[in-house]
Amino acid sequence: MQVPPRGGMFLFGGTVANVPTQSWFVSQSPYSVDAEDGKYVIHRDGERITEVKFAQAKFQDLKTNEGIPYYKIALLHGANCLATTTIQTCVYWNTPKRCKFCTIELSLSSGATIAKKKPEQLAEVAIAAKKLDHVTHVTLTTGTTSTPDNGIKHLVETATAIKEATGLPIHAQFEPPKDLSTIDSLYGVVDTIGIHVESFDRAVLKEIAPCKVDIPFVRYIEAWKRSVAIFGDTQVSSYVIAGIGETDDSIIEGSRILAELGGYPFIVPLRPIPGSMLEDKRPPSPDRMRHIYAEVAEILRANGLSWRNNKAGCVRCRACSALSDFEY
Ligand code: SF4
């Protein structure tokens, strides 16, 4: 999962956006955020657009009995999602197969988080986040492990602890395992699933995320099918990144394949994160994104899919994609 750090959660106009604030291209943006009469306001080339609020999280100021700050265990994402990377290491990280957009172990080496979150630690943080900040759902992701389950076993353990402690709906993301029956172990523990193909363009994937192109596309199809059969329509999603060399048609036609299976294509603009191997890239233009969002939203409508029906996770959070704003 491209968990985009180095940004801020902007709440405005009934929506939420995870906005990059530290990348090189930010200084070229026509938008600015300015203080005005005790409020914050977004301006575009000096023209007042709207008031904006920023998500605050009281739970992140707390510490465990062992002295670990809660923010190193989980963070507030969007307006009301508790999110964490349960295992902050990835078997591909120190290899040529690593995904060039990812910064999973950079967050670890910077000291911003811890390597492996214990079930009891996440349960403790989730209780506080629900009580103090009214989080209403949870996103759990993981680096891919060297074990055949790809990290699913630890997702089951952490989700079980959070569910028992809070009853919150939970989303889990992982790389599709060779043995797809491993996915069944998440049933009754999590509510929604993310299995991210990142790109439907295999040539682009070979260049940008070699480890993902080693997974036959048919395994994604079978993993999505099995997950939709278990969790239901709109409860299974995939990140699809725009801006890593693919065509609009590859995104649109790939999204149609996933939507016709009952899955939700979570279209996100490339986020060139400082420190990642793509940090110098420019994100796709707003006009290109509007075109892709409008086309994919039409496909969602045609297949009876909507973010409004999603129980937990990125599709419900919406902060990293504006697709939901095109779902009228
Ligand atoms: S969509 Fe929300 S939960 Fe998912 S990575 Fe973005 S901010 Fe986090």
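Residues numbered from 1 in each chain as written. Predicted model: local features only at pLDDT ≥ 70, side-chain atom pairs only at ≥ 80, totals over all residues. Heavy atoms only, no water.

Caption draft 1: Structural context of the overall build of the chain. The secondary structure content of the chain amounts to nine helices and 12 strands. What you see for the chain is a C-alpha radius of gyration of 19 Å, in line with the 20 Å of a compact globule of 328 residues. On the principal axes, the C-alpha backbone points of the chain span a range of 55 × 50 × 40 Å. Working note: accessible area of the chain is about 14200 Å², and carbon and sulfur atoms make up 53% of it. Across the chain, the centroid of the 36 positively charged side chains sits 3 Å from that of the 37 negatively charged ones. (Helix = DSSP H or I, 4+ residues; strand = E, 2+ residues; numbered from the N terminus. Rg over C-alpha atoms; globule rule 2.2 N^0.38 Å. Areas by Shrake-Rupley, 256 points an atom, 1.4 Å probe, with all protein chains shown as cover. Lys, Arg positive; Asp, Glu negative; His and termini not counted. Charge placed at Lys NZ, Arg CZ, Asp CG, Glu CD.)

Caption draft 2: How the structure looks around the layout of surface pockets. For the largest pocket, the calculated volume is near 1600 Å³. Lining the largest pocket are 46 residues, and of these Ala17, Val19, Pro20, Tyr31 and Pro286 lie nearest its centre. Listing elements by their share of the lining of the largest pocket, those giving two or more residues are strand 1 (7–12), strand 2 (15–20), strand 3 (31–36), strand 4 (39–44), strand 5 (47–54), strand 12 (264–269) and helix 8 (286–302). Looking at the lining of the largest pocket element by element, the count peaks at six residues for strand 2. Grouping the amino acids of the lining of the largest pocket by side-chain chemistry returns 28 nonpolar, 11 polar and seven charged. (1 Å grid on protein atoms, 1.4 Å probe; cavity = no way out; pocket = protein on both sides within 12 Å on 5 of 7 lines; lining within 4 Å. Points joined across faces, edges and corners; volume = space filled by probe spheres on them. Nonpolar A, V, L, I, M, F, W, Y, C, P; charged D, E, K, R; others polar.)

Caption draft 3: Examining the packing of aromatic side chains more closely. Under the definition given, this model contains 10 aromatic pairs. Between Phe217 and Trp224, the aromatic rings sit 6.1 Å apart at their centres with planes inclined by 80 degrees, giving edge-to-face as the arrangement. Judged by its relative accessible area of 26%, Phe217 is partly exposed. Centroid distance Tyr239 to Phe266: 5.0 Å. Interplanar angle 45 degrees. Geometry classified as tilted. Of this pair, Tyr239 sits in strand 11 (residues 236–242) while Phe266 is found in strand 12, placing the two residues 27 residues apart along the sequence. Residue classification places Tyr239 among the buried residues on the basis of a relative accessible area of 3%. Phe266 gets classed as buried once you look at its relative accessible area, which sits at 4%. (Phe/Tyr/Trp six-rings, centres within 6.5 Å; stacked < 30°, edge-to-face > 60°. Buried < 20%, exposed > 50% of the residue type's maximum accessible area, 1.4 Å probe, protein only.)

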